[in-house]
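# A look at the structure
Here are the chains, one letter per residue:
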Amino acid sequence: MASEPINPEVVSRPLVICGPSGTGKSTLLTRLFASHPNTFGFSISHTTRSPRPGEQDGREYHFVTKEEFMRRVEAGEFLEWAQFGGNCYGTTFAALSALHPLRCILDIELQGVLQLRSKAPLQTPPLSPVFLFLSPPSISTLKSRLRGRGTETTESTAKRLAAAKAEIEYAMQGGHDVVVVNDQVDKAAEKLEKIAMGWKGWEGCGDELPRFNVDELDE
Ligand SMILES: Nc1ncnc2c1ncn2[C@@H]1O[C@H](COP(=O)(O)OP(=O)(O)OP(=O)(O)O)[C@@H](O)[C@H]1O
């Protein structure tokens, strides 16, 4: 792919990647970052969970106590935050601004997307994120990728598939600005690159959302 630089018009627009667990977000983002070093920044979230061995405060996460986290919530510092498995996770406006002049990429869950949608225009200056839905080609593919990855217990797979239902339903309501279907990884990577780099025609290069029957997620 030609190495055109990032379009300066998109740099200040955070790119928000959403999609069910197992769709291939990490796979595609790893490729994107490898092809374009020093172009994108991944915002460092705050969390109340304890650091795992090897994790460093301010690198993987800003590790804070529950009290500190809630103080920041009260102060309105979070663009989005959510609770998973008993711990809180969130993105502050400051963490996002710190990335400038790199384009911020956020990989967040539906709860976060909804908060960001409502809070982004209220920031000074207002934020104008691009919401991208990374879609599986079908529900059966999503299930087999998640199971095939071999990283999840049966219980956590079930939780991820339950969350996938709400995410896909939101996409079916047209909740995102652009959809990329991760069927053939090379093609999806090319589209993500065009959108993330803001190359000419990026707004119209997305795919149509497949016709999903979300009840298949209950089976
Ligand atoms: N286009 C593709 N074709 C086939 N397999 C794929 C494709 N994209 C990703 N995969 C595989 O699907 C599995 C899930 O991908 P990945 O871990 O990137 O998902 P994810 O969306 O980042 O999930 P999570 O949100 O749980 O981190 C991996 O085993 C990956 O190698």
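Residues numbered from 1 in each chain as written. Predicted model: local features only at pLDDT ≥ 70, side-chain atom pairs only at ≥ 80, totals over all residues. Heavy atoms only, no water.

## Considerations on the domain arrangement of the protein
Operational definition: Note that domain bounds follow an automatic or database assignment of domains. The contact criterion used is simple: two residues touch if any of their non-hydrogen atoms lie within 4.5 Å. The term buried area denotes the loss of accessible surface (1.4 Å probe radius) that occurs when two parts are joined, taken as the sum for both partners. Definition used for salt bridges: Asp or Glu carboxyl oxygen within 4 Å of a side-chain nitrogen of Lys or Arg. In the analysis that follows, any N or O atom pair within 3.5 Å is treated as a polar contact, provided that within protein one partner can donate a hydrogen and the other can accept it, and provided that, for residues neighboring in sequence, both atoms belong to side chains. The helix count covers DSSP runs of H or I at least four residues long, the strand count covers runs of E at least two residues long, and both are numbered beginning at the N terminus.
Partitioning the protein into domains gives domain 1 (7-42 + 103-219) and domain 2 (44-98). Each of domain 1 and domain 2 has a C-alpha centre, and these two points are 22 Å apart. With 15 residues of domain 1 at the contact, the number on the domain 2 side is 11 residues. For the domain 1 and domain 2 pair, buried surface summed over both sides reaches about 1,000 Å², with 64% attributable to carbon and sulfur atoms. One can count zero salt bridges joining domain 1 with domain 2. Counting the contacts that link domain 1 with domain 2 gives three residue pairs in polar contact (both at pLDDT 80 or more). The element best represented in the side of domain 1 that touches domain 2 is helix H4 (residues 110-119), accounting for five residues.

## As for the UniProt feature "domain: Guanylate kinase-like" (unreviewed entry) in the protein
Defined as follows: UniProt positions are given in the numbering used here, feature names are shortened, and annotations may be inferred rather than shown by experiment.
Here the UniProt feature "domain: Guanylate kinase-like" (unreviewed entry) sits at residues 12-197. Taken as a whole, residues 12-197 contains 42% helix and 22% strand, while its terminal C-alpha atoms sit 12 Å from one another.

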